Amino acid sequence: MSELIRPNDEEELTAAVAEANSSRTPLEVIGAGSKRDIGRPLQTAACLTTEKLTGLTLYEPSELVLSARAGTPLIEIEETLAGNDQQLAFEPVDLGPMLGQDAGAATIGGVFAANLSGSRRIQIGAARDHLLGFRAVSGRGEIFKSGGRVMKNVTGYDLCRGLSGSWGTLAVMSEVTMKVLPRAQCTRTILLIGLTDEIAIDAMCAAIGSPFDVSGTVHLHGEFAAKLIDSGILRRPGPVTALRLENIESSLEYRCARLTESLEAFGKPVELDDGASRKFWSGMRTLNFLQGSSDPVWRISTAPKNGARLVAALARRLDCRVAYDWSGGLIWLLATPSADAGAAEVGRVVAEIGGYATLIRADASLRGSVNVFQQLSPGVMALTRKLKHSFDPAGILNPGRMYPGI
Amino acid sequence: MASPAFLEPDAGVLGARDEIIARLRELVPEGSVIADEDGRRAFETDALTAYKQMPLAAVLPTSTEQVSRILKYCQANGVKVIPRGAGTSLCGGALPLADSIVLGVSKMNRVLDINFENRTARVQTGITNMGISDAVSPRGFFYAPDPSSQLACTLAGNLAMNSGGAHCLKYGVTTNNVLGLQIVLMDGQIIDIGGEELDAPGYDLLGLIIGSEGQFGVVTEATVRILRAAEGARPMLMGFSSSAAAGDCVSAIIASGIIPVAIEFMDKPAIRVCEDFAKAGYPLDVEALLIVEVEGSEDEIEDLLARIQEIAKPFKPAGIRVSQSPEESAAIWLGRKSAFGAMGRISDYYCMDGVIPLGKLSEVLTGISEICERYKLKVANIFHAGDGNLHPLVLYEANDPSQAERAANCGAEILELCVKAGGCLTGEHGVGIEKRELMFTQFTRVDMEHQMRIKTMFDPDWLLNPAKVFPLELHPS
């Protein structure tokens, strides 16, 4: 068991990283550790957690801004926002439950470090698009900040984007400031039943390209759909395409009708009311169709129109079940266990059709032997190494979690 | 306005001017290198016209490969390069140095591919901002970021400054609307980052490059998100008897859960100038005016505007007017979007770009009046109220050096006030050369060192658009 370092405040955090930097002690960096099993396995003498850096430091509902210390549980932030009819519009997916952890364990720092976004990403942007500012300790053991608490800010380089999705390999965030948005008063979902992947993607692209502000588009293979939808809504099993609309109630009536009309060619839809809709999309947020299994899971990002072709190419050699989000641009792929979790085949097909793949769930030995994160082009890899070196020259923060030597 | 301090020009480079021009001519098609004095004059400044500096030459390549050859040559010979789009920067972002060339991307302005299903467009970055929307509007789509200069400014400049606009309250700024780009580094390497996917693998280099003020490389192509326009949009005008009332009204609208697509604020001096120019029907007897625009179907628009009027009641709005026609809407926006140009007809002005927390509006506007009174200068305020981006226009007489210097100092004090109020120096224009020396008001040395090391990793010799963004004392030379 490695030593656990639990700083109580920013000062202690800075001192801990500075000490590790001078003694060249590699650190595993975590929040609550809910995503600890993602990435290449680490071998570090010590683990640094931000779990004691908690609490909201600013919340101005009328300015759409909230700041919190990095270790604040996401659930606490979402509850506070809900109390003011607001929300994190990028609805971060909760990867915990499908990794065998409790739901709602993630910290807000972890959400931005992994750039986790949910179905609304296609309409409103990703986690990285909502990060307004941060304070962090770089691998140099120095506290620094970027951005601020205002909505628009181009003062200096945009390190908020730079740190988003860096998986704690550049710096340890101590405090984050984010844009929040009003919660929709009412939600409706239109379900299209029995579509093939290709036709479903046509329907999703048509919906998101309509003027009705569709805020979620997913397509689920039959066995996944069954897990997300209560019996009674669907009479027969099969693939389901779900399109979400959110707004005030009077406007939703109209939008639902118009959207249904425009998608007539795709069959007669089933409509989910507010309660059923919220339940459905909260199941998407915890990826409940991937829970209760330990089979390998890949997350593949591609251009929406390539999604079906990519899955068809994979299905030729891999036994897999699939859910599409982001109109087909995000693929959750549950693969049958094999020696490489399908890595070679996934890599080959993604390289051919375009996109990138991340191995989200696999046991540690597999994660140590295949590419968990997509290989980068030589030019991008060179920049990646330089960026790592500029923030963490001794290579002490989550070393090797994303790529060897990074 | 007092000229900013420049780095000591490299005498060797100055002396080799003829040789540099001759070599550049070998790298690009005929007519692409501008070396004569009249021709170069067009590149000596940008929209911050108070500062001028002739470059060694300007070169206007027509392909990414040519950009690569130019940068490689310049790196090998220690020649500084100032990238330029349309030259509409308000912070001197495209201001040349005496020992630099200007590299303009304006000839690279084609649309390469449009995919309505993926909702993406791939374009060369010399295209104007409006050019992208024009290319996709026949199918009801648009490119969301809309800086006021959108008819002229290029995507290249928008990428460099991470530009915003009036409608970014709902749709975000440049970085939220770009998925991929092709960048040429100073050593000539051509690198593709991102693409049509919503996520790119590895570090968010795309996000770092956008907003790097042309200091990391020259971006020649980009894949941008295009969005389907709402069924309709309509602005409404509301006048108020004080700026504070207008600001409180904006807070109340947002707190109610309505996010209009735009909320623009003008104070009395700004209203008059814009009205004289655009004849938009702005009320002239109010202290502050809000333009609030909402989107949706006809019924949704009416419903939203009615709700906003209800929310506004306690703040006693005067002269509420809802646009009745597309022509009227266009006139209302023309007034606002031409504000800078209209102001330029009556006076020289210095345009600030601070951002403040909305709740501090009243306090900051009072502070700005006091500062301007102290400097004996007039000011007009224009404000993207929904997101706190304040544009005070400090009026002065450019031919009077003492006024020019007062305007610069007055502007600096205004920005310091914005930072003190919890805001920042610049919301959408960029730091450039103009606000370089003010960076210490917002950042510590350690903050800036973390940024500057990224500059060094992209451009080890600091040849690309150097002497901008960071205080000169921190410059590695």
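Treat the numbers as computed from the prediction; the structure is a model and nothing was measured.

**Q** Please clarify how the pairing of strand S8 (residues 143–147) of chain A should be interpreted in this entry.
**A** Successive side chains on a regular strand alternate, one facing one side of the sheet and the next facing the other. All names here are of chain A. Bridge count between strand S7 (residues 131–138) and S8: five bridges; the pairing is antiparallel. By the bridge assignment for S8, Arg-135 is matched with Lys-145. Between the end of S7 and the start of S8, which pair antiparallel, lie four residues, with Gly-141 showing a positive phi angle near 75 degrees.

**Q** Please explain the sheet that holds strand S5 (residues 111–115) of chain B as it appears in this structure.
**A** In sheet architecture, strand pairing relies on hydrogen bonds along the backbone and comes in two forms, parallel and antiparallel. Residues and elements named next belong to chain B. Pairing is antiparallel in the open sheet, where five strands are placed in the order S5-S6-S10-S8-S9. Every other strand in the sheet has two partners, leaving S5 and strand S9 (190–194) as the edge strands with one partner each. Across the sheet, the axes of successive neighbouring strands diverge by a mean angle of 10 degrees, strand direction being ignored. Judged from the five bridges that link them, strand S8 (residues 178–184) and S9 form a sheet pairing that is antiparallel. Directly across from Ile-183, in S9, lies its bridge partner Ile-191.

**Q** Looking at this model, I keep getting lost on empty space enclosed by the protein. Mind explaining?
**A** A water-sized probe, rolled over the atoms, reveals where empty space remains. The full count for this structure, using the stated rule, is six cavities of 30 Å³ or more. Of the voids in this model, the largest cavity is the one considered here, and its volume is about 500 Å³. If you go around the largest cavity, you meet 37 residues; those closest to its centre are A:Ala114, A:Asn115, A:Tyr356, B:Asp199 and B:Ala200. Of all the secondary-structure elements, those providing two or more residues to the lining of the largest cavity are helix H5 (127–130) and strand S18 (356–361) of chain A together with S8 of chain B. Ranked by residues supplied to the lining of the largest cavity, first place goes to S18(A) with three residues. Grouping the constituent residues of the lining of the largest cavity by class yields 19 nonpolar, ten polar and eight charged.

**Q** How should I be thinking about the environment of B:Thr426 in this particular structure?
**A** All names here are of chain B. With respect to the element layout, Thr-426 can be found in the loop between helix H15 (401–420) and helix H16 (439–442). What makes Thr-426 buried here is its relative accessible area of 0%. Within polar-contact distance, the side chain of Thr-426 engages the side chain of Asp-353 at 2.6 Å.

**Q** I would appreciate a short explanation of the interface of chain B and chain A in the present structure.
**A** Where interface size is given, it is often the accessible area lost as the parts come together that is meant. Between chain B and chain A, the residue contacts involve 85 residues of the former and 77 residues of the latter. In total, about 6400 Å² of surface goes out of reach between chain B and chain A, with carbon and sulfur atoms giving 58% of it. When the buried surface of chain B facing chain A is broken down by residue, B:Asp199, B:Tyr203 and B:His450 rank first, second and third, together holding 13% of it. The interface formed by chain B and chain A contains 28 residue pairs in polar contact (both at pLDDT 80 or more). Secondary-structure elements contributing two or more residues to the side of chain B that touches chain A are helix H7 (168–171), S9, helix H8 (205–209), helix H9 (243–255), helix H11 (298–312), H16 and helix H17 (445–458) of chain B. Counting residues per element, the side of chain B that touches chain A draws most heavily on H17(B), at nine residues.

What counts, and where the lines are drawn
- Residues numbered from 1 in each chain as written.
- Chains lettered and ligands numbered in written order.
- Predicted model: local features only at pLDDT ≥ 70, side-chain atom pairs only at ≥ 80, totals over all residues.
- Heavy atoms only, no water.
- Pairing = 2+ DSSP bridges.
- Helix = DSSP H or I, 4+ residues; strand = E, 2+ residues; numbered from the N terminus.
- Axes fitted to C-alpha atoms, helices over the stretch in contact; angles between N-to-C directions.
- 1 Å grid on protein atoms, 1.4 Å probe; cavity = no way out; pocket = protein on both sides within 12 Å on 5 of 7 lines; lining within 4 Å.
- Points joined across faces, edges and corners; volume = space filled by probe spheres on them.
- Nonpolar A, V, L, I, M, F, W, Y, C, P; charged D, E, K, R; others polar.
- Buried < 20%, exposed > 50% of the residue type's maximum accessible area, 1.4 Å probe, protein only.
- Polar contact = N/O pair within 3.5 Å; in protein donor to acceptor, adjacent residues only side chain to side chain.
- Contact = heavy atoms within 4.5 Å.
- Buried area = accessible area lost by both parts, 1.4 Å probe.

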